[in-house]
Amino acid sequence: MTGSVRQFGAYSVVHLLDGVFEPSSDVLLHPGGPAARQALIDQAGPTLRMDVNCFLLRGPDGIALVDAGTGDAWGPQLGHARAALQQAGVAPEQVARVLLTHLHGDHALGLLQGADGASAWLPRAEILVPEADLHFFTDPAARAALPVARHGAFDITAKLLRAYEGRIRPIPSGPIAAFPGIEAVPLPGHTPGHTGYLLHGTPHSLLLWADLLHLFTAQAADPDAGLSYDIDPTLAAQSRHATLARAAAEGWVVAGAHVPGFGVLEAAGAGYRVVPA
Ligand SMILES: [Zn+2]
């Protein structure tokens, strides 16, 4: 399923829906203690509903994706970004670059195909990866320090490096040479190199904030509310507070990998209210 085309600066942006993921609300966390966590769970209900999104960018340097969805790795409810891309009129060989926000499976597995994800889905694309994530997810000591349940991203990174040999480019935060007008914004916590992409535009810029928030309304209202998917929950909460404040002050349009649609943020109480954009 594809969304409408929106223009930010030199880039047209189309939302590509990979599918819907429905984890138990047990993944919710709150630093305020058990009562605060329970209140969050009670408000959310037993099951969370999260979109898995990626984005198609058409700009001065050709066609790019921000993230690539799950491919065929997460079952039939997901993996529809490929059909959405086709529906938007783009064939895999036309994609020149992919901006990955981080190296988790629901963002990077879509780049792989075939038995055990051994081959590249995109025959020509360069894959731009936040350098801190590439460093972390290739570090044997970092892998050993995390529980086995968190080892998947290390395996995915190794597969990407094989399947896209010579086409993986680590990128620092800040302006991106291949994308005039797009800035890599570090949003650490979810992963060490977790990165948003800010498309500068007039009158509105767009921040694609990846996994900064998984729940649009609840986490905007209470940026301390987190999910167990964040590797460093404290740092992730700091990134949420700082980024939501900046997005509200600058009037940025925001969208992400797991929140539905596009919104702008308005200060409300101790947090923010999301207004659809
Ligand atoms: Zn994600």
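For clarity, every value in this text was computed on a predicted model and none was experimentally measured.

Before going further, it helps to spend a moment on the overall build of the protein. Scanning the protein for helices and strands turns up eight helices and 18 strands. Scaling as 2.2 N^0.38, a compact globule of 277 residues should have a C-alpha radius of gyration of about 19 Å, and the protein matches this with 18 Å. Viewed in the frame of its principal axes, the protein has a C-alpha envelope of about 50 × 45 × 35 Å. Within the span of the protein, comprising 277 residues, buried residues form 53% of the whole. Counted over contacts in the protein with a minimum sequence separation of 6, partners at least 24 positions apart contribute 67%. Only carbon and sulfur atoms are counted for the fraction: they give 57% of the accessible area of the protein, which is about 11500 Å². Averaging the locations of the 16 positively and 25 negatively charged side chains of the protein gives two centres separated by 5 Å.

Ideal geometry at a metal gives 109.5 degrees between four tetrahedral donors and either 90 or 180 degrees between six octahedral ones. In this structure, Asp-106 (OD), His-107 (NE2), Asp-211 (OD) and His-258 (NE2) serve as the protein donors to the zinc ion, at separations of 2.1 to 2.2 Å. Here the zinc ion binds four donor atoms, and the angle range of 82 to 166 degrees at the metal identifies the geometry as irregular.

Space left empty within the atom packing is revealed by a probe, the size of a water molecule, rolled over the atoms. Counted as a void, the largest pocket has a volume near 440 Å³. For the lining of the largest pocket, the secondary-structure elements that each account for two or more residues are strand 4 (50-59), helix 3 (105-108) and helix 6 (152-163). Counting residues per element, the lining of the largest pocket draws most heavily on helix 6, at three residues.

To continue, consider the UniProt feature "domain: Metallo-beta-lactamase" (unreviewed entry) in the protein. Following the UniProt record, one finds the feature "domain: Metallo-beta-lactamase" (unreviewed entry) at residues 51-258. For residues 51-258, helix accounts for 28% and strand for 27%, while the C-alpha atoms at its two ends are 5 Å apart.

Now for the nonpolar core. Among the nonpolar cores identified, the biggest contains 37 residues, and Leu-160 and Tyr-164 are the most heavily contacted of them. Contributions of two or more residues to this core are made by strand 2 (11-21), strand 4, strand 5 (62-66), helix 2 (81-87), strand 6 (95-99), strand 9 (126-130), helix 4 (131-136) and helix 6. Among the elements that line this core, the one with the most residues is helix 6, at five residues. Apart from the residues within four sequence positions on either side, Leu-160 is in contact with Leu-100, Leu-103, Ala-108, Leu-111, Leu-112, Glu-165 and Ile-168. Counting residues in each nonpolar core, the second largest holds 21 residues, with Ala-184, Leu-206, Val-253 and Phe-262 among its members.

On inspection of all chains with the given rule, the structure shows seven aromatic pairs. Between Phe-21 and Trp-74, the aromatic rings sit 5.4 Å apart at their centres with planes inclined by 45 degrees, giving tilted as the arrangement. One end of the pair, Phe-21, is in strand 2; the other, Trp-74, is in the loop between strand 5 and helix 2, with 53 residues separating them in the sequence. According to the relative accessible area criterion, Trp-74 is partly exposed, its value standing at 34%. Consider the rings of Trp-209 and Phe-216, whose centres lie 5.7 Å apart with planes at 80 degrees: the pair is edge-to-face.

Below, the discussion takes up helix 6. Given a rise of 1.5 Å per residue, 12 residues ought to cover 16 Å, and the 16 Å separating the end C-alpha atoms of helix 6 matches this to within 8%. Taken together, the buried positions of helix 6 are occupied by Ala-153, Phe-154, Ile-156, Thr-157, Leu-160 and Ala-163. Where helix 6 is buried, its residues contact helix 3, strand 7 (112-113), strand 8 (119-120), helix 4, helix 5 (140-145) and strand 10 (168-171).

Of note, Leu-206 is situated in strand 14 (residues 206-208). Considering only alpha carbons, one finds Leu-206 and Gln-238, 32 residues apart in sequence, at a separation of 21 Å. Setting aside anything within four residues of it in sequence, one finds Leu-206 in contact with Phe-8, Val-13, Tyr-197, Leu-198, Leu-199, Val-253, Val-254, Ala-255 and Phe-262.

Let us now look at the side chain of Arg-167. Mapped onto the elements of the fold, Arg-167 is located in the loop between helix 6 and strand 10. The side chain of Arg-167 is buried and forms no salt bridge, while Glu-126, the nearest opposite charge, is found at 8.5 Å. Within polar-contact distance, the side chain of Arg-167 engages the backbone oxygen of Leu-122 at 2.9 Å. Side-chain polar atoms of Arg-167 contact the backbone oxygen of Ala-125, separated by 2.9 Å.

Before going further, it helps to examine helix 8 (residues 233-250). An ideal rise of 1.5 Å per residue puts 26 Å on 18 residues; helix 8 measures up with 25 Å between its terminal C-alpha atoms. Buried residues of helix 8: Ala-236, Ala-237, Ser-239, Arg-240, Thr-243, Leu-244 and Ala-247, and no others. Within helix 8, the buried residues cover an arc of 155 degrees as seen down the axis, which keeps them to one side. Turned more than 90 degrees from where helix 8 packs its buried face, Thr-234 and Ala-249 sit exposed. Contacts from the buried residues of helix 8 go to strand 14, helix 7 (216-221), strand 15 (226-227), strand 16 (253-255), strand 17 (263-268) and strand 18 (271-276). Positive backbone phi, at 70 degrees, marks Gly-251, one or two positions downstream of helix 8.

Criteria and cut-off values
- Sequence order sets the numbering: in each chain, residues are counted from 1 along the sequence as written.
- Reporting of local features is limited, given that this is a predicted model, to residues whose pLDDT is at least 70; pairs of side-chain atoms are given and counted only at 80 or more, and all residues count toward the totals for whole chains, interfaces and linings.
- As a rule here, side-chain values come from all non-hydrogen atoms in the structure, and water together with hydrogens is ignored.
- Working definition: helices are DSSP H or I runs of at least four residues, strands are E runs of at least two. Numbering for both runs from the N terminus.
- C-alpha atoms define the radius of gyration in this analysis, and the globule rule sets the expected value at 2.2 Å times the number of residues to the power 0.38.
- The classification of residues rests on relative accessible area computed with a 1.4 Å probe and restricted to protein chains. Under 20% of the type maximum is buried, over 50% is exposed, and intermediate values are partly exposed.
- Contacts are residue-level and defined by heavy atoms, with any inter-residue pair within 4.5 Å sufficient.
- All accessible areas in this document rest on Shrake-Rupley with a 1.4 Å probe, and a residue is counted as covered only by the protein chains that are shown.
- Charge assignment in this entry is limited to Lys and Arg as positive and Asp and Glu as negative, and neither His nor the chain termini are counted.
- For charged residues, the charge sits on one atom: NZ in Lys, CZ in Arg, CG in Asp, CD in Glu.
- Here the coordinating atoms are restricted to nitrogen, oxygen and sulfur within 2.8 Å of the metal centre, or 3.2 Å for Na, K and Ca, and because water is not among them the sites may look incomplete.
- Four donors are marked tetrahedral only if all angles between them lie between 85 and 135 degrees, whereas four are marked square planar and six octahedral if opposite donors are more than 155 degrees apart and the other angles lie between 65 and 115; the remainder are marked irregular.
- Grid points spaced at 1 Å and placed over the protein atoms alone form the basis of the search, with a cavity being a set where a 1.4 Å probe fits but cannot get out and a pocket an open set showing protein on both sides within 12 Å along at least five of seven lines. Lining residues have an atom within 4 Å of a point.
- Grid points are joined across faces, edges and corners, and a volume is the space filled by probe spheres set on the points.
- UniProt positions are given in the numbering used here, feature names are shortened, and annotations may be inferred rather than shown by experiment.
- Working definition of a nonpolar core: buried Ala, Val, Leu, Ile, Met, Phe, Trp, Tyr and Cys residues. They are joined through side-chain atoms within 4.5 Å.
- Only rings of Phe, Tyr and Trp enter the pairing, Trp through its six-membered ring, and a pair is recorded when the two centres are within 6.5 Å. The plane angle decides the type: under 30 degrees is stacked, over 60 is edge-to-face, the rest tilted.
- A helix is expected to span 1.5 Å for every residue after the first.
- By salt bridge we mean one thing: a side-chain nitrogen of Lys or Arg within 4 Å of a carboxyl oxygen of Asp or Glu.
- Residues adjacent in sequence count toward polar contacts only when both atoms are side-chain atoms; beyond that, a polar contact is any pair of N or O atoms within 3.5 Å, and within protein one must be able to donate a hydrogen and the other to accept it.
- Starting at the helix axis, one direction is taken to each C-beta atom, and the arc is that of these directions.

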